[in-house]
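# Residue-level structure breakdown
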Amino acid sequence: MNWSNIITVYAKELKDSLRDRRTLMSMIIIPTFVMPALIFGVGKIATTVFSKARSEIPTVMVLGGETSPGVVAALGDSKKVNIVPTAADWKQQISDKKIRATVQLPVNFERDLAAGAAESVIIYNYDGELKSGFAANELEKFFRTLRERAVATQLARRGLPATLIQPFETKRENVAPPEKVGGNLLGGIVPYLIIILCFTGAMYPAMDLTAGEKERGTMETLLCSPVARVDIVLGKFLMVLTSSLAAMVLALTSMGVSFAVGGAIFSGGGAKVAVVGKVADATSAAASSVMPSIDPAGVLGVLAMVLPVAVLFSAVIFTVALFAKSYKEAQSYVAPLIFVVIMPAVVGMLPGIELNARLALVPILNLSLVCKEMLSGIWHWNYIAIIFGSTCVYAGVALALAVKMFDREDVIFRA
Amino acid sequence: MIEARFLTKSFRDKKRGEIFAARDVSFRVEPGQIYGLLGANGAGKTTTLRMLATLLKPTTGAATIAGHDVVTASTQARAQLGFLAASTALYGRLTAREMITYFGELNGMTSAAIRARIKVLADELDMHEFLDRRCDKFSTGMKQKTSIARTLIHDPAVMIFDEPTLGLDVMTARSIVKFVRDCKARGKTVVYSTHVMSEVEKLCDVIGIIHGGRLLAEGTLAQLREKTGEQDIEEAFIKIVGMEDAK
Ligand SMILES: Nc1ncnc2c1ncn2[C@@H]1O[C@H](COP(=O)(O)OP(=O)(O)O)[C@@H](O)[C@H]1O
Ligand SMILES: [Mg+2]
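Everything numeric here is computed off the predicted structure, so don't read it as measured data.

### Quick notes on the domain arrangement of chain B
Interfaces are often sized by the amount of accessible area the parts lose when they come together. Residue and element names in this part refer to chain B. Its domain assignment divides chain B into domain 1 (2-80 + 157-246) and domain 2 (89-155). One C-alpha centre belongs to domain 1, the other to domain 2, and the line joining them spans 26 Å. Domain 1 puts 12 residues into the contact, and the matching count from domain 2 is 10 residues. Carbon and sulfur atoms make up 60% of the surface buried where domain 1 meets domain 2, a total of about 860 Å² over both sides. Considering only the side of domain 1, the residues that lose the most area to domain 2 are Phe179, Arg186 and Lys188, jointly responsible for 40% of the buried surface there. On inspection of domain 1 and its partner domain 2, the count reaches two salt bridges. Two residues, Asp155 and Lys188, come together in a salt bridge whose shortest N-O distance is 2.8 Å. Inspection of the domain 1/domain 2 interface yields two residue pairs in polar contact (both at pLDDT 80 or more).

Here it is as structure tokens:
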């Protein structure tokens, strides 16, 4: 191993790659601009759709309202729902989204309620449909209030205190520090993004520097220079690793900046970031209401844990792409690997899956889980050590494999 | 100097089984000499030359480049070697100057030495006008000149050419032939493979006829004529190859 040769190869590959549009896209443009735009865009659309659904006054139908005109009138007056005339095909209309829900009142509901007890009120909705759910919620709320009022009347009539049926109340309060809340919300998605970016960042240069060179016939030119093959592999590998890390760091930085600036825009009112000093407080408060703050130590921890994973990805993609004769062939080998990478990352995103000693040995999944913890301010040093250590071992093995493959003439000169 | 002793290379092929791309190939080339390896497609020229250039390891047999064994001292052997083949391309996204500089650096030259050497080579090969343009925009002639400069940057003692005129137009091919002759004049040891009879006739001091991985005959043009009783090199070639196939 000769470092001056490795650096010569690395410097040339860096220069060469920065002139390659495909690598430039996957290493710089997409992580810096497209990724945050995509995430903000999806977030923005989701918020808009949700609040629009919220603000819509749902159309509902009332069955059996003839014997309870007072209740129907009160429901109509509430302005929370929009009552349409009863039709026989109400079920179909809910399915067709012409109406959102239907409520069925028992016969003589009003009279029985005044007397003290009535039969059940049934609310029909389309399960899993957002707007239908909102309509059902509104109906439920209306009838709950109606019930409470009936109870209060009955109690008053008997001269009993209202606390009889509600002797105490329950309240929920959050004791987790703000970064923990941030960790739980962001903790799922950030490790996932990091893993994908590390992979896609490594992908194009890894294919270009191996199969691409074979295809263009420059591999043979390079191999007749008096540089040991191990130096060539390491120089090339460092370039792939650079691209992988660059993609990840650029995306995170860009997203961090977007959050800081965009937090204000999200909260709506305090968006005029004119007087920076004065607005800073308002902005951070607004930002934390949308994006809870993240522990900076957690971010550094995540970056440290990602390093061996980036080495692992770079070495694996490099080795796989080395087998291919052409860039196209390499793509067909490397593309399926994305699923191998995404699956554990997705599993790590699922709520309820917690780190343990066995999962700490599963590559990618362990990163996903430990990142979630670190961003929540939890530091299980024993697991962190296992994960870092095991990933370093996997990465080392993958890199050794890449070096070995590069020395095999049936791989380099595949006929 | 180049010395090959019983160079043999076999490949395992799924359909054809074990193929001997080269079998017991032995020859010797002295400084100032051009050795021509003449053979049809698939005769084993590229395999033989790749073994000399340390790109492939011989299955059996051995070879030395300027005294360095191609297996045990492959780095030193490559340091004495310039290898030019139809399959050794240029980096399209680098300029000619960057390309040549890169190979100077890989050969351990200082940047001052590289600059001086590029100046000399660009003068000789008339490259100044396109030295700072990117290789992917070059004509075949410009590419060929850049490749030559790349092989010569470290002024190697041994030059190996594997069908360097393959697919080139007449003018470019002629300039290559002239350049190979220049190498000889400077006392370099040269191996030149081709399937074009006229090139061998014009260029080579010693000719080796290779067929089916074996070196069937070796000698000067006069010796081969005498051996076969044919004046024309093409007839001589056919006769030698035909005698082998008849066996
Ligand atoms: N990597 C390889 N795997 C299998 N067979 C090969 C390989 N390289 C060359 N051959 C075979 O070896 C023989 C000689 O090939 P080659 O040396 O390229 O001949 P030439 O350069 O004279 O055309 C051919 O039959 C070719 O198919
Ligand atoms: Mg050939």
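Let us keep going from here.
### Section: the nonpolar core
Counting 150 residues, the largest nonpolar core has Phe406(A), Phe27(B), Leu52(B), Ile65(B), Met127(B), Phe161(B) and Ile207(B) as the members making the most contacts within it. Top contributing element to this core by residue count: helix H11 (residues 296-323) of chain A, with 13 residues. With near-sequence residues (within four places) excluded, Phe27(B) lies in contact with Ile2(B), Glu3(B), Ala4(B), Tyr35(B), Thr48(B), Leu52(B), Val191(B), Leu215(B) and Glu218(B). Ranked by size, the runner-up nonpolar core spans 14 residues in total, among them Leu75(A), Leu105(A), Ala135(A) and Leu139(A).

### Comments concerning the environment of Phe83(B)
Here Phe83(B) lies in strand S6 (residues 81-85). For the pair formed by Phe83(B) and Ile160(B), sequence separation is 77 residues and the distance between their alpha carbons is 4.9 Å. With residues up to four places along the chain from it excluded, the contact list for Phe83(B) reads Glu220(A), Cys224(A), Leu49(B), Ala53(B), Leu55(B), Thr88(B), Arg150(B), Thr151(B) and Ile160(B).

### Quick notes on the interface of chain A and chain B
Contact with chain A, which involves 25 residues of that partner, is made by 27 residues of chain B. Both sides together, the interface formed by chain A and chain B hides about 2,600 Å², and carbon and sulfur atoms give 54% of it. Sorting the residues of chain A by area buried against chain B places Arg19(A), Glu220(A) and Pro226(A) first, and these three jointly supply 24% of that buried surface. At the junction of chain A with chain B, the criterion picks out seven salt bridges. In this structure, Asp20(A) and Arg93(B) form a salt bridge, with 3.6 Å as the shortest nitrogen-oxygen distance. The tally of links between chain A and chain B comes to 14 residue pairs in polar contact (both at pLDDT 80 or more). Sorting the residues of the side of chain A that touches chain B by element identifies helix H1 (3-18), helix H7 (178-216) and helix H8 (218-223) of chain A as the ones contributing at least two each. Top element by residues in the side of chain A that touches chain B is H1(A). It accounts for six residues. Taken together, the residues of the side of chain A that touches chain B sort by class into eight nonpolar, six polar and 11 charged.

### Focus on the packing of aromatic side chains
Given two aromatic rings, one states the distance between the centres and the angle between the planes to describe the pair. Summed over all chains, the structure comprises 11 aromatic pairs over all chains. Taking the centre distance of 5.6 Å and the plane angle of 80 degrees together, the rings of Phe199(A) and Phe313(A) count as edge-to-face. A residue pair is termed long-range when its members are at least 10 positions apart, and Phe199(A) in helix H7 and Phe313(A) in helix H11 qualify at 114 residues. Phe199(A) sits in the buried class, given a relative accessible area of 4%. Judged by its relative accessible area of 5%, Phe313(A) is buried. Taking the centre distance of 6.1 Å and the plane angle of 45 degrees together, the rings of Phe161(B) and Tyr192(B) count as tilted. In this pair, Phe161(B) sits in strand S7 (residues 158-162) while Tyr192(B) sits in strand S8 (residues 189-194), placing the two residues 31 residues apart along the sequence. For the residue pair Phe161(B) and Tyr192(B), the accessibility class agrees, reading buried in each case. Each residue in the set Phe109(A), Phe142(A) and Phe143(A) is aromatic and connected to the rest through ring pairs, giving one cluster. Over the face of the ring belonging to Tyr91(B) we find Lys12(A), whose NZ or CZ atom lies 3.3 Å from the ring centre. One residue, Arg150(B), lies across the ring of Phe103(B), its end atom 5.5 Å from the ring centre.

### Quick word on the pattern of salt bridges
Residues and elements named next belong to chain B. Per the counting criterion, the structure on display carries 35 salt bridges over all chains. Residue Asp132 pairs with Arg97 through a salt bridge whose shortest N-O separation is 2.9 Å. A residue pair is termed long-range when its members are at least 10 positions apart, and Asp132 in the loop between helix H4 (111-125) and helix H5 (140-152) and Arg97 in helix H3 (residues 96-106) qualify at 35 residues. Between Arg134 and Asp136 there is a salt bridge, with the nearest N and O atoms lying 3.7 Å from each other. Judged by its relative accessible area of 30%, Arg134 is partly exposed.

### A closer look at the site of ligand 1
All names here are of chain B. Lining the immediate surroundings of ligand 1 are 14 residues, of which Arg16, Gly42, Lys45, Thr46 and Thr47 lie closest. Within the contact set of ligand 1, an oxygen atom lies 3.0 Å away from a side-chain nitrogen or oxygen of Arg16. Contact between ligand 1 and Gly44: an oxygen atom at 3.0 Å from a main-chain N or O atom of the residue. Within the complex, the protein chains bury 77% of what would otherwise be the 560 Å² of accessible surface of ligand 1. Of all elements in the fold, only strand S2 (17-29) and helix H1 (45-52) reach the threshold of two or more residues within the shell around ligand 1. With three residues, H1 is the largest single contributor of residues to the shell around ligand 1. Tallied by class, the residues present in the shell around ligand 1 amount to seven nonpolar, five polar and two charged.

### With respect to a positive patch on the surface
Residues and elements named next belong to chain A. On the surface, a cluster of positive charge is made up of Arg54, Lys80, Lys141, Arg144 and Arg147. A total of three residues in the positive patch trace back to one element, the largest contributor, which is helix H6 (residues 130-158). As for its position among the elements, Lys141 is in helix H6. Residue Lys141 is classed as partly exposed on the basis of its relative accessible area of 44%.

About the thresholds
- Residues numbered from 1 in each chain as written.
- Chains lettered and ligands numbered in written order.
- Predicted model: local features only at pLDDT ≥ 70, side-chain atom pairs only at ≥ 80, totals over all residues.
- Heavy atoms only, no water.
- Domains from an automatic or database assignment.
- Contact = heavy atoms within 4.5 Å.
- Buried area = accessible area lost by both parts, 1.4 Å probe.
- Salt bridge = Lys/Arg side-chain N within 4 Å of Asp/Glu carboxyl O.
- Polar contact = N/O pair within 3.5 Å; in protein donor to acceptor, adjacent residues only side chain to side chain.
- Core = buried A, V, L, I, M, F, W, Y, C linked by side-chain atoms within 4.5 Å.
- Buried < 20%, exposed > 50% of the residue type's maximum accessible area, 1.4 Å probe, protein only.
- Helix = DSSP H or I, 4+ residues; strand = E, 2+ residues; numbered from the N terminus.
- Nonpolar A, V, L, I, M, F, W, Y, C, P; charged D, E, K, R; others polar.
- Phe/Tyr/Trp six-rings, centres within 6.5 Å; stacked < 30°, edge-to-face > 60°.
- Lys NZ or Arg CZ within 6 Å of the ring centre and 35° of its normal.
- Near = heavy atom within 4 Å.
- Areas by Shrake-Rupley, 256 points an atom, 1.4 Å probe, with all protein chains shown as cover.
- Patch = residues over 30% accessible without salt bridge, like charges linked within 9 Å, V, L, I, M, F, W, Y side chains within 5 Å.
- Lys, Arg positive; Asp, Glu negative; His and termini not counted.
- Charge placed at Lys NZ, Arg CZ, Asp CG, Glu CD.

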